[in-house]
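Per-entry structural report
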Amino acid sequence: MKCDICGSTNTYIKNYKHEYTIKSKYIEFECDRRFCYECNSIVYDNYLDDLASQKAIDIYNKNYGISKEKIIELRNKYTLSQELFAKIIGCAKKTLISYEKGTSIPNDNYIIILNSLIHNPLLIIDLIESNKGQFTKKEYSKLQDKLIQNNNINQLFFDADFTPTVYNGYTKLNKNKVLNMILYFAEDVVLKTKLLKEMFYADFLYYKNTGASITGLEYAKITHGPVPDNFDEIISTYVEQELIEYKIEFIQDYENHRISNKIKLDKNVFLKEELETMEKVRNYFKSFTSKEIAEYSHNEKAFLETEFSKKIEYDYAFDINI
Ligand SMILES: [Zn+2]
């Protein structure tokens, strides 16, 4: 290697403080650099200079973006190939490879997507559903199988073909709203029975006011009152994904099923009016015990006129007592 300044080929390597500014972030670190023995100027060394810029990218990704290790870990968690995972997040396979190798900095868009997947693994379904056209039929069913088998994601979370009916409040199931409605009511730990009733009241009250439900959930009549249909599957998926915590406590003869949040509620998924409805329900039942709210719901026409284990029509919302 030859010095550009004096032409000498007599060079040496020493530890050097590198300073970079990447996307307006200042980054400094020490690593080897080549110098001229005669005039002490920096001598360009492809190998060492590449290592240094690699290191700069790495530090940036770790501190301000997302590290390559986290991306690989995330993809492996879903047991997806680079090709499929790239399609899901909406980038080229080549781009994903460069992120996983740490040779480039993910653009802000992907940083947001990847971090939100780490935060809430279920969001992958929304990404898949919204890019459905990208996948062949075979790929789509492979994806579904993998996520159901390897990630304990329930079939329910995949879009069935949506048909507006009186049982879903003419509203398409919105998984993000289901999760955040649970997080909303479970903010300071809630008993399962109470949570299920509050969800019923929120969806039905909203339907009464607007002709649509908030979540698109279907409700059914069980002994304890009206509850979201398939609720156990929904809850266990959220527990598996570590989005909520579910604990059973025994107090004398009672079994308490406690639900609490493991991630932060995202109010932005709701419309203002939806939040107001949920707030109204929460305040109305604030002092009710699980038993009291269950008994209260037993007087609803929605409950009285529906057969056990049958779905409840949203039109009963017009008779709701709240
Ligand atoms: Zn020189």
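Residues numbered from 1 in each chain as written. Predicted model: local features only at pLDDT ≥ 70, side-chain atom pairs only at ≥ 80, totals over all residues. Heavy atoms only, no water.

Topic: the pairing of strand β5 (residues 225-228)
When strand β4 (residues 219-222) meets β5, the two strands line up antiparallel, connected through four bridges. Paired with K221 across the strands is P226, a residue of β5. Linking β4 to β5, which pair antiparallel, is a turn of two residues. (Pairing = 2+ DSSP bridges. Helix = DSSP H or I, 4+ residues; strand = E, 2+ residues; numbered from the N terminus.)

A word on the domain arrangement of the protein chain
Domain assignment breaks the protein chain into domain 1 (11-64), domain 2 (68-152) and domain 3 (175-319). The C-alpha centroid of domain 2 is placed 32 Å from the C-alpha centroid of domain 1. The interface of domain 1 with domain 2 comprises eight residues on the first partner and 10 residues on the second. In total, about 720 Å² of surface goes out of reach between domain 1 and domain 2, with carbon and sulfur atoms giving 48% of it. Applying the counting criterion to the domain 1 and domain 2 interface returns two salt bridges. Between D108 and K23 there is a salt bridge, with its nearest N and O atoms 3.4 Å apart. For the pair domain 1 and domain 2, the number of links is three residue pairs in polar contact (both at pLDDT 80 or more). Per element, the largest residue contribution to the side of domain 1 that touches domain 2 is six residues, and it comes from helix α1 (residues 46-64). Here the residues of the side of domain 1 that touches domain 2 sort into three nonpolar, two polar and three charged. (Domains from an automatic or database assignment. Contact = heavy atoms within 4.5 Å. Buried area = accessible area lost by both parts, 1.4 Å probe. Salt bridge = Lys/Arg side-chain N within 4 Å of Asp/Glu carboxyl O. Polar contact = N/O pair within 3.5 Å; in protein donor to acceptor, adjacent residues only side chain to side chain. Nonpolar A, V, L, I, M, F, W, Y, C, P; charged D, E, K, R; others polar.)

A closer look at the coordination of the zinc ion
In an ideal tetrahedron of four donors about a metal, each angle is 109.5 degrees. In an ideal octahedron of six donors, the angles are 90 or 180 degrees. At the metal site, the zinc ion is ligated by C3 (SG), C6 (SG), C36 (SG) and C39 (SG), and these contacts range over 2.3 to 2.4 Å. For the zinc ion, the four donor atoms in the first shell make angles of 102 to 119° at the metal, so the coordination geometry reads as tetrahedral. Coordination of the zinc ion draws on donor residues from a single chain, spaced C-x2-C-x29-C-x2-C in sequence. With C6 in the segment before β1 (11-22) and C39 in the loop between β2 (25-36) and α1, this pair connects stretches of sequence that are 33 residues apart. Overall, the relative accessible area of 39% leaves C6 in the partly exposed class. C39 sits in the partly exposed class, given a relative accessible area of 31%. (Donors = N, O, S within 2.8 Å, 3.2 Å for Na, K, Ca; no water. Tetrahedral: all angles 85-135°; square planar, octahedral: opposite > 155°, others 65-115°. Buried < 20%, exposed > 50% of the residue type's maximum accessible area, 1.4 Å probe, protein only.)

Digging into the nonpolar core
Membership of the largest hydrophobic core comes to 76 residues, with the highest contact counts inside it found for F85, L117, I124, I182, F185, M199 and Y238. Setting aside residues no more than four positions away along its own chain, I182 makes contact with L195, M199, F231, I235, Y238, I244, I259 and N261. (Core = buried A, V, L, I, M, F, W, Y, C linked by side-chain atoms within 4.5 Å.)

Points about the pattern of salt bridges
With the rule as written, the count across this model stands at 17 salt bridges. Across the pair D58 and K68 runs a salt bridge, and its minimum N-O distance is 3.7 Å. Of the two residues, D58 sits in helix α1 while K68 sits in helix α2 (residues 68-77), which places them 10 residues apart along the sequence. Notably, a salt bridge pairs E218 with K311, separated by 2.9 Å at the nearest N-O pair. With E218 in the loop between α9 (192-210) and β4 and K311 in the segment after α13 (301-304), this residue pair connects regions lying 93 residues apart in the sequence. The exposure class of E218 is partly exposed, given its relative accessible area of 23%. Overlapping salt bridges bring together D58, K62 and K68 as one network.

A closer look at the sheet that holds strand β3 (residues 190-191)
Read from one edge to the other, the open sheet built from three strands follows the order β3-β7-β6, with strand pairing classed as antiparallel. Single-partner strands in this sheet number two, and they are β3 and β6 (244-251). Of the strand pairs in this sheet, β6 and strand β7 (residues 254-261) are connected by eight bridges, and their pairing is antiparallel. When the bridges of β7 are listed, Y246 appears paired with I259. Against the sheet, helix α8 (residues 175-185) makes contact with β3, β6 and β7, and its axis sits at roughly 115° relative to β7, the strand it touches most. (Axes fitted to C-alpha atoms, helices over the stretch in contact; angles between N-to-C directions.)

Overview of the state of the cysteines
In the structure shown here, the tally under the stated rule is zero disulfides. The thiol of C31 is not disulfide-bonded; the next cysteine sulfur, from C3, is found 19 Å away. (Disulfide = S-S within 2.5 Å.)

Quick look at the environment of S130
As for its placement among the helices and strands, S130 is situated in helix α6 (residues 123-130). Residue S130 is classed as exposed on the basis of its relative accessible area of 55%. Separated by 42 residues in sequence, S130 and I88 have C-alpha atoms that sit 9.1 Å apart.

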